[in-house]
Structures are given as C-alpha cells and as structure tokens.
Amino acid sequence: MTQPDFSLAGKVALITGASRGIGEAIARCYAQAGATVILTARSDESLKDAVATIIQEGGQAMGIAAHSGDPAAVKKAIQNVESTFGGLDILVNNAATNPHYGPILAADDGVWDKILDINVKGYARWIRESAPLMDKRGGGKIINVASILGLGAGPSMGLYSVSKAAVLMLTEALAVELAQQNIQVNALAPGFIKTRFSSALWQDPAGETQLTQRIPQRRVGETEELTGLALFLASPASSFTTGSTFVCDGGHTAGRFKL
Ligand SMILES: NC(=O)c1ccc[n+]([C@@H]2O[C@H](COP(=O)([O-])OP(=O)(O)OC[C@H]3O[C@@H](n4cnc5c(N)ncnc54)[C@H](OP(=O)(O)O)[C@@H]3O)[C@@H](O)[C@H]2O)c1
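Residues numbered from 1 in each chain as written. Predicted model: local features only at pLDDT ≥ 70, side-chain atom pairs only at ≥ 80, totals over all residues. Heavy atoms only, no water.

## Structural notes on the overall build of the protein
This is how the line gets drawn: Counting from the N terminus, the helices are DSSP H or I runs at least four residues long and the strands are E runs at least two residues long. C-alpha atoms define the radius of gyration, and 2.2 Å times the number of residues to the power 0.38 defines the globule rule. Only protein chains enter the accessibility calculation, which uses a 1.4 Å probe; a residue is then buried when its area is under 20% of its type maximum, exposed when over 50%, and partly exposed in between. The contact definition used throughout considers only heavy atoms, calling two residues in contact when any of these lie within 4.5 Å. For every accessible area listed, the method is Shrake-Rupley and the probe measures 1.4 Å; residues are considered covered only by the protein chains on display. A residue counts as positive if it is Lys or Arg and as negative if it is Asp or Glu; His and the chain ends are not included. Charge positions come from single atoms, namely NZ of Lys, CZ of Arg, CG of Asp or CD of Glu.
Along the protein, the regular secondary structure elements total 8 helices and 7 strands. In terms of C-alpha radius of gyration, the protein reaches 18 Å, essentially the compact-globule figure of 18 Å for 259 residues. For the C-alpha atoms alone, the extent of the protein along its principal axes is close to 50 × 50 × 40 Å. Residue burial in the protein is summarised as follows: out of 259 residues, 50% are buried. Here the contacts in the protein between residues at least 6 apart in sequence split such that 69% fall between residues at least 24 apart. A total of about 12,300 Å² of accessible surface is found on the protein, and carbon and sulfur atoms cover 54% of it. Of the charged side chains in the protein, 22 are positive and 23 negative; the average position of the first set lies 1 Å away from that of the second.

So, in structure tokens, the structure goes:
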C-alpha cells in the first residue's frame, strides 16, 4: 500500500494573518513541509519576525503587507505572488477580527460592516484573486480558518458566530463551484487556542479555569496542535476531501450539552 503524501515540496502557499498566532504556526509548518510561503498581515513591520524565523529554520518565506479589507491591496498581493513565484497552489484564509463583544442587537451597522467585510468578504476576496492562479496550475487547495463558534453561538460572541457560520457556507458553496477545477476548499474550525486574539478569555487564571471547565480536555489548545490538520488539507493526501469542516477543539463541541 502506498503511504499518503503529506509533502508540500515545490508548492507556493499564501497564509493571511500570519504575523503571529495560528497563521504563523501554519506558515512555519508548510515551510517545513517544503512549500515556499507568503505571509500577509496589515504591515511589513509586523511580518518581519515571523518571516525571519522561517528563513532561520531553513524555509523559504516572504512577507506582503495587505489589509484583507482592501480589494486593491489583495489584488496587488496576488499579482506580486504570480510575478515573483510564477503561481499559487495553496491559500489559507486566516486573518479575521472581532470588533464586538456583547449582544448582537447592540451592534450598529458599522460594526456589522467591519466584521463581515474582513471575516467573510475578505476571505472571498482572497479566493477570487487566487483561484485563477490555481486553475492555471491544474488545481489547488483553499483552507478557510473558521471557528467552533460558527457551529454554535458563543456567549457575547453572537456576531462573530454569524461571521464564522458564513465562512462555513462559503466553504461549502465554493467547494462545489471549484470542484471541476480540481480546487479543494475546506474549513478548519478551531476551539479555544492560546493566541493574542483569545487572550481576554485565558489571560487571568480565573477566566482560564472557567473556560477550561467547559472543555473535556480541560485546557486551551496550542497553535501547533492545528497544524497537522492544516497540512493534511493543503497536501495531496486530501485530494478527495472538499467542502468539509474539520474541528480541533479538545472535545469542546462534542461536550457542549450540559445536562
Ligand atoms: N485563537 C482562538 O482561540 C481562535 C479560535 C477559533 C478561531 N480562531 C480564528 O483563527 C484565526 C487566527 O486567529 P489568531 O487567534 O491566530 O489571531 P491573532 O493571533 O490575533 O492573529 C491574527 C492575525 O491576523 C492579522 N490581521 C488581523 N486583521 C487583519 C486584516 N484586516 N488584514 C490582514 N491581516 C489581519 C494579524 O496581523 P496584524 O495585526 O499584524 O495585521 C495577525 O497576523 C482567525 O480567523 C480567528 O477567528 C481563533
């Protein structure tokens, strides 16, 4: 029996929101698997350390500043990737925001516009520019980082949950639309992972204990614990996997019904 192929040798991968946290961990993992990685975030300055770390580890990496909410910046970034590397094989949509903590009905139109523009339209924007390059290469992989809060409503995180549920449907709809181009589109739904994004929930020990009591594994995850799934979804091993959501949450979703 042949072994599954998890190599990314010769592949070009772009990871949005890769200056820190989950995006940085995925970029490091892909570089170690042989891909040339392009890291994006809002500024060149914030990308410097993550790019330098990957190069120090023997990988090939470049940073491109591009705000996911700016269509012209996204277009220019993808043009830059094509002219520098000749194409693109893998896109990880990971940059997201949560500008609102509280009831959905307390959010005004500006807050709605901001969260949907980055978390949903931003993902679609990167895919719109990337898919034609993948098509030229005969196929590709798109991984949308969603959240378990797209599968169920989080307390005071309802608006963010709405945006992440939209990411799951964007994933399914585009998986169907791009299947004939041999582009596989899947979603990764993390539970609580220790990053700056989630720091309000785990920073003080009392908050962390309260949170981890609801997680069957009784802890928050580390960014490296997501990279195995992210690698599978970017690699030839996932060639017949598309339109699916992969949860990584220490059992949080499975244990959500408290009797
Ligand atoms: N941490 C968790 O518990 C958790 C759980 C479920 C899902 N997620 C999801 O995982 C993804 C990554 O989260 P994280 O926890 O790794 O967050 P993080 O550590 O705060 O990192 C966010 C990254 O996104 C970049 N970014 C933010 N806004 C951007 C924009 N408008 N345009 C371009 N880049 C932008 C940031 O870079 P700059 O600030 O330098 O621009 C940074 O690189 C998000 O989609 C989040 O919803 C996280």
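Right, picking up where we left off after that structure.
## Examining the packing of helix α3 (residues 71-85) against helix α4 (residues 109-136)
Quick reminder of the rule: Orientation is described by axes fitted as lines to C-alpha atoms, over the contacting stretch for helices, and by angles from 0 to 180 degrees between their N-to-C directions. Between 65 and 115 degrees an angle is taken as roughly perpendicular, under 35 as roughly parallel, over 145 as roughly antiparallel, and anywhere else as oblique. For any helix crossing, the convention is left-handed if the near helix is rotated counterclockwise from the far helix by under a right angle, and right-handed if that rotation is clockwise. Three categories are distinguished: nonpolar for Ala, Val, Leu, Ile, Met, Phe, Trp, Tyr, Cys and Pro, charged for Asp, Glu, Lys and Arg, and polar for the others, with Gly belonging to the last.
Across the interface, α3 lies against α4 with an axial gap of 9 Å and an inter-helix angle of 20°. Of the possible angle classes, the one that applies to α3 and α4 is roughly parallel. Of the two possible hands of crossing, α3 and α4 adopt the one that is right-handed. Of the residues in α4, those in contact with P71, V74, K75, A77, I78 and E82 of α3 are R125, W126, E129, S130, L133 and K136. The class makeup of the residues in the contact of α3 with α4 is 6 nonpolar, 1 polar and 5 charged.

## Brief notes about the pattern of salt bridges
Formally: Salt bridges are counted wherever a side-chain nitrogen of Lys or Arg sits within 4 Å of a carboxyl oxygen of Asp or Glu.
What the rule picks out here adds up to 8 salt bridges. Note that E45 and K48 form a salt bridge whose closest N and O atoms lie 3.2 Å from each other. Of this pair, E45 and K48 both sit in helix α2 (residues 44-56), 3 residues apart, which is roughly one turn of that helix. On the basis of relative accessible area, E45 is assigned to the exposed category, the value being 56%. The salt bridge involving K75 is made with E129; its shortest N-O contact spans 3.7 Å. With K75 in helix α3 and E129 in helix α4, this pair connects stretches of sequence that are 54 residues apart. Judged by its relative accessible area of 40%, K75 falls in the partly exposed class.

## Let's talk about the packing of aromatic side chains
Defined as follows: Here is the rule: rings of Phe, Tyr and Trp (six-membered ring for Trp) pair when centre to centre is within 6.5 Å. Planes less than 30 degrees apart are stacked, more than 60 are edge-to-face, and the remainder are tilted. The rule is short: NZ of Lys or CZ of Arg within 6 Å of the ring centre and within 35 degrees of the ring normal puts a charge over the ring.
Inspection of the entire model under this criterion finds 2 aromatic pairs. Pairing Y160 with F197 gives two aromatic rings, centres 5.8 Å apart and planes at 45°, and the pair type is tilted. You can see Y160 sitting in helix α5 (residues 158-178) and its partner F197 sitting in the loop between β6 (183-190) and α6 (199-202), a full 37 residues away along the chain. Of the residues examined, Y160 reaches a relative accessible area of 6% and is grouped as buried. Its relative accessible area of 47% is what places F197 among the partly exposed residues. Judged by centre distance (6.2 Å) and plane angle (70°), the ring pair of F232 and F246 falls under edge-to-face. Of this pair, F232 sits in helix α8 (residues 227-234) while F246 sits in strand β7 (residues 245-248), and the two are 14 residues apart along the sequence. Geometry around W202 places K194 over its ring, the cationic atom sitting 5.2 Å from the centre.

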